Amino acid sequence: LNWDNIGALLGSVDTFLLDCDGVIYRAGQSIPGSFETVQYLRDLGKRIVYLTNNNMKTRAEYAQKLKDLGDDHVSEDDVFTSSYTIASFLNDSGFSETVYLIGSSGLAKEFEKQGIKYIKHDGENSLSVDGVQSVALDDNIKAVVMGNDRAIDFGKIGFATRLILEKNCDFYATNLDSTWVTPTCILPGTGSLVSWLSTAVGRQPIVAGKPSNVIYEILVSRTGLNPQRTCMVGDRLDTDILFGNSNEMKSMLVMTGVTNEEELQGSKIVPQFKTFCLGDIKRFATNQ
Amino acid sequence: GNIMMFGLRKGYLNKTKLKKRMNRSYHTAVPHILSSRNIRQFIDGKDTFMFDCDGVLWKSNNLIEGSIETLNYLKDMGKRIIFVTNNSTKSLTKYQQRFLDFGFECDREDIFSSSYATAAYLQSINFKEKVFLIGASGIEEELSLHGIDYFKLDKTPYYKYSDQIIDDIPDIEVGAVVMGLDINLTYSKIATGLHYLRNKNCIFVVSNLDYALPSINGSLIPGAGSMASMLQCASGMDPVLVGKPGPIFYDIITSK
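Residues numbered from 1 in each chain as written. Chains lettered and ligands numbered in written order. Predicted model: local features only at pLDDT ≥ 70, side-chain atom pairs only at ≥ 80, totals over all residues. Heavy atoms only, no water.

Remarks on the overall build of chain B
From N to C terminus, chain B includes ten helices and 13 strands. Among the 256 residues that make up chain B, the fraction classed as buried is 48%. Considering only intrachain contacts with a sequence separation of at least 6, the fraction spanning at least 24 residues in chain B is 70%. Summing over all exposed atoms, chain B offers an accessible surface of approximately 13600 Å²; the carbon and sulfur share of this is 51%. (Helix = DSSP H or I, 4+ residues; strand = E, 2+ residues; numbered from the N terminus. Buried < 20%, exposed > 50% of the residue type's maximum accessible area, 1.4 Å probe, protein only. Contact = heavy atoms within 4.5 Å. Areas by Shrake-Rupley, 256 points an atom, 1.4 Å probe, with all protein chains shown as cover.)

Printed below as a string of structure tokens:
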């Protein structure tokens, strides 16, 4: 991206889908220039949608987080978390039974908000190894939904394994990001935790978040976006950029997050545009 | 002499995967059905019988009918009996005791568990550093017996903020992250393993990759392979596989 091609880009895009961690903020602080670009694009009449694979907050909580970080005009309708996405998808498909949920309290809250019945094990009601094998499986549970759970244990995965194999329950995951990268460390991501279950049952889940087309369908139905006039901006090749490229959108990689030059050079997933940070959009457009 | 393996493959339930593997099979032979007509020839032609344990001799704590009788029969005929199990949770001593309790006497030298093989493998590559172990007491005992230095995380608290996990990781030079079945597996243990594996000199070894195990009620529960896959996924590293069907286990058995 540079001041030469920014005009054509802005002229051909109505909706900007923005990943959050590594694009808007990093380590709890907004990345310089990001919200300036957001406001600039809004002033130009562009639609701004925050699209994150985060599954530990409700949509409302995440919108509040963005507000606290510096976007005064963000509304819930502009925010799509993978927790919101999976619950919306189940509702859209007419799901009316009970879900076995493995994830955070934020994921559970989103399910409550969207009126989906769920069972979750934690603390006192967590299952032992013997308990997992002897417990009776509830016939009302028709789906297993898994998000990030730092209190993951054998009881939860074992119970979900039995539900999928014995009761033929549907298997969903919020997202499959293999790692969670912070400036100071790399931690296992939701995708790594999900592999405990997916390898045990020999089956991949239906994925809600980027790069799946589940979130794509939800976005189109909720925002009416035209993919050919939409640009996905993200920091991760195998989620953000793959998502944009697979759905006929423009894609833009920023370098303020997970991906470094080496990874980009070695990758088969090629972003259409590349720039250092989101703030560059306003900078190039206003020729600063 | 000729060696016959008795085994039950677990965890390969996905029919599509199974079909793919069968289509790629390098031998088109079908198994022969044992009967009273061919049993004599079958037994006489073999010197050594290798037995898998879980699902062949017993199911959880229940002996499968006729198993011990067959073992004793073959032993009385002068056959060599070797046990080869991917189970990493028990040491050889415990296995030997288990056989005795069930009514079969054998030497420790005839029992090969993946816990033993893991320790033997590390010894065979002259491993002199420290191991971070995610696994059960079986591997612990075998590592100790083979003189390999290791440590585990026993109690991992629930951390509200993920960064706190990193602060609590012991600042030790780790040469290998070793994984076996750990029914007390936690997020922190995987995060810790991931941290050590980021050092290019740290190797990743797993006792076995059985994705699922038969449970007491006849269905399946997650196995060591499904646990190791978490670290595989997070680190992007494929582990060294000690257990069946890898070649390391075979080498260890035949060399002994």
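Structural notes on the environment of Ala 87 of chain A
Residue and element names in this part refer to chain A. Secondary-structure assignment places Ala 87 in helix α4 (residues 82-92). Distance from Ala 87 to Gln 114, taken between C-alpha atoms, is 6.7 Å for residues 27 residues apart in sequence. When near neighbours in sequence (up to four residues on either side) are disregarded, Ala 87 contacts Glu 110, Phe 111, Gln 114 and Ile 116.

Quick notes on the interface of chain A and chain B
Each partner contributes residues to the interface: chain A has 33 residues there, and chain B has 33 residues. With both sides pooled, the region where chain A packs onto chain B buries about 2900 Å², and carbon together with sulfur makes up 67% of that total. Of all residues in chain A, Gln 133, Arg 150 and Trp 196 of chain A give up the largest surface area on contact with chain B, accounting jointly for 25% of the area buried on that side. Linking chain A to chain B there are zero salt bridges. Applying the counting criterion to the chain A and chain B interface returns seven residue pairs in polar contact (both at pLDDT 80 or more). Counting only elements with at least two residues in the side of chain A that touches chain B, the list comes to α6 (129-134), α7 (154-166), β10 (179-181), β11 (186-188) and α8 (190-201) of chain A. (Buried area = accessible area lost by both parts, 1.4 Å probe. Salt bridge = Lys/Arg side-chain N within 4 Å of Asp/Glu carboxyl O. Polar contact = N/O pair within 3.5 Å; in protein donor to acceptor, adjacent residues only side chain to side chain.)

A look at helix α5 (residues 105-113) of chain A
Along an α-helix, residues three or four positions apart point the same way, because every turn accommodates 3.6 residues. Residue and element names in this part refer to chain A. Every buried residue of α5 is listed here: Gly 106, Leu 107, Ala 108, Glu 110 and Phe 111. Among the structural elements, α3 (59-69), α4, β6 (98-102), β7 (117-119) and β8 (141-146) are those in contact with the buried residues of α5. Positive phi appears at Gly 115, one or two residues downstream of α5, with a value of about 70°.

Observations regarding the side chain of Ser 88 of chain B
All names here are of chain B. Structurally, the position occupied by Ser 88 is in the loop between β5 (80-85) and α4 (92-102). Judged by relative accessible area, Ser 88 falls into the buried class, the value being 2%. Here Leu 181 takes part through its backbone nitrogen, which lies 3.3 Å from a polar atom of the side chain of Ser 88. Look past the residues within four positions of Ser 88 in its chain and what remains in contact with it is Ser 114, Ser 115, Gly 138, Ile 139, Gly 180, Leu 181, Ser 207 and Asn 208.

A word on the packing of helix α5 (residues 114-124) of chain B against helix α10 (residues 247-255) of chain B
All names here are of chain B. Put simply, α5 and α10 touch, their axes get as near as 10 Å, and they point 85° apart. Here α5 is positioned roughly perpendicular relative to α10, judged by the angle of their axes. Contact with α5, carried on its side by Ser 114, Tyr 116, Ala 117, Ala 120 and Tyr 121, involves Ile 248, Phe 249 and Ile 252 of α10 and no other residues of that element. Of the residues belonging to the contact of α5 with α10, the class tally is seven nonpolar, one polar and no charged. (Axes fitted to C-alpha atoms, helices over the stretch in contact; angles between N-to-C directions. Parallel < 35°, antiparallel > 145°, perpendicular 65-115°, else oblique. Nonpolar A, V, L, I, M, F, W, Y, C, P; charged D, E, K, R; others polar.)

Comments concerning the nonpolar core
By size, the foremost hydrophobic cluster in this structure holds 55 residues, and its most contacted members are Val 144 and Leu 197 of chain A together with Met 179 of chain B. If we ignore the near neighbours within four places in the chain, the residues touching Leu 197 of chain A are Val 144, Met 146, Ile 157, Ala 160, Thr 161, Ile 164 and Phe 171 of chain A. The next biggest cluster of nonpolar side chains, apart from the first, holds 42 residues, and it includes Ile 43, Leu 57, Ile 81 and Ile 139 of chain B. (Core = buried A, V, L, I, M, F, W, Y, C linked by side-chain atoms within 4.5 Å.)

Looking at the confidence of the model for chain B
Residue and element names in this part refer to chain B. A residue-level look at chain B finds 89% of positions with pLDDT of 70 or above and a mean pLDDT of 88. Per-residue pLDDT stays below 50 along residues 7-14; that stretch engages in 17 contacts with residues further than four places along the chain or on separate chains. Here the predicted complex scores 0.90 on pTM and 0.93 on ipTM. (pLDDT = per-residue confidence, 0-100.)

Some remarks on the packing of α8 of chain A against helix α9 (residues 224-235) of chain B
Between α8 of chain A and α9 of chain B, whose axes approach to 8 Å, the crossing angle comes to 145°. In this structure, α8 of chain A meets α9 of chain B at a crossing whose hand is right-handed. For the pair formed by α8 of chain A and α9 of chain B, the contact residues are Gly 191, Ser 192, Leu 193, Ser 195, Trp 196, Thr 199 and Ala 200 of chain A on the first element and Gly 225, Ser 226, Met 227, Ser 229, Met 230, Cys 233 and Ala 234 of chain B on the second. Class assignment of the residues belonging to the contact of α8 of chain A with α9 of chain B gives a composition of seven nonpolar, seven polar and no charged. (Left-handed = near helix turned anticlockwise from the far one by under 90°.)

Topic: unusual backbone geometry
With an omega dihedral of 5°, the bond running from Lys 210 of chain A to Pro 211 of chain A counts as a cis peptide bond. Considering the arrangement of structural elements, one finds Pro 211 of chain A in the loop between β12 (206-207) and α9 (213-223). The residue after Lys 244 of chain B, namely Pro 245 of chain B, is reached through a cis peptide bond having omega 5°. Mapped onto the secondary structure, Pro 245 of chain B falls in the loop between β13 (240-241) and α10. A positive phi is found at Ala 27 of chain A, a non-glycine position, where the angle reads about 50°.

Details of the pattern of salt bridges
Residues and elements named next belong to chain A. Per the stated rule, a full pass over the model turns up 23 salt bridges over all chains. Residue Arg 59 is joined to Asp 77 by a salt bridge in which the shortest nitrogen-to-oxygen separation is 3.8 Å. Residue Arg 59 is found in helix α3, and its partner Asp 77 is found in the loop between α3 and β5 (79-80); the two are separated by 18 residues along the sequence. The residue Asp 139 makes a salt bridge to Lys 167 at a minimum N-O spacing of 2.7 Å. Residue Asp 139 is located in the loop between α6 and β8, and its partner Lys 167 is located in the loop between α7 and β9 (170-173); the two are separated by 28 residues in the primary sequence. Members of the salt-bridge network, linked through shared partners, are Lys 120, Asp 122, Asp 149 and Lys 156.

Thoughts on the sheet that holds strand β7 (residues 130-134) of chain B
Residue and element names in this part refer to chain B. A sheet is described by the order of its strands in space; here five strands give the open sequence β8-β7-β9-β10-β13, paired in parallel fashion. The sheet is open, and its two borders are formed by β8 (149-151) and β13, each paired with just one other strand. Of the pairings in the sheet, the one linking β7 to β8 comprises three bridges and is parallel in character. Looking at the pairing, Phe 132 lines up with Phe 151 of β8. Against the sheet, α5 touches β7, β9 (176-179), β10 (203-206) and β13, its axis set at about 150° to β10. (Pairing = 2+ DSSP bridges.)

What to know about the sheet that holds β9 of chain A
Backbone hydrogen bonds are what pair the strands of a sheet, in a parallel or an antiparallel way. One open sheet holds the five strands; their spatial order is β7-β6-β8-β9-β12 (chain A), and the pairing between them is parallel. A strand with exactly one partner marks an edge of an open sheet, and here the two such strands are β7 and β12 of chain A.

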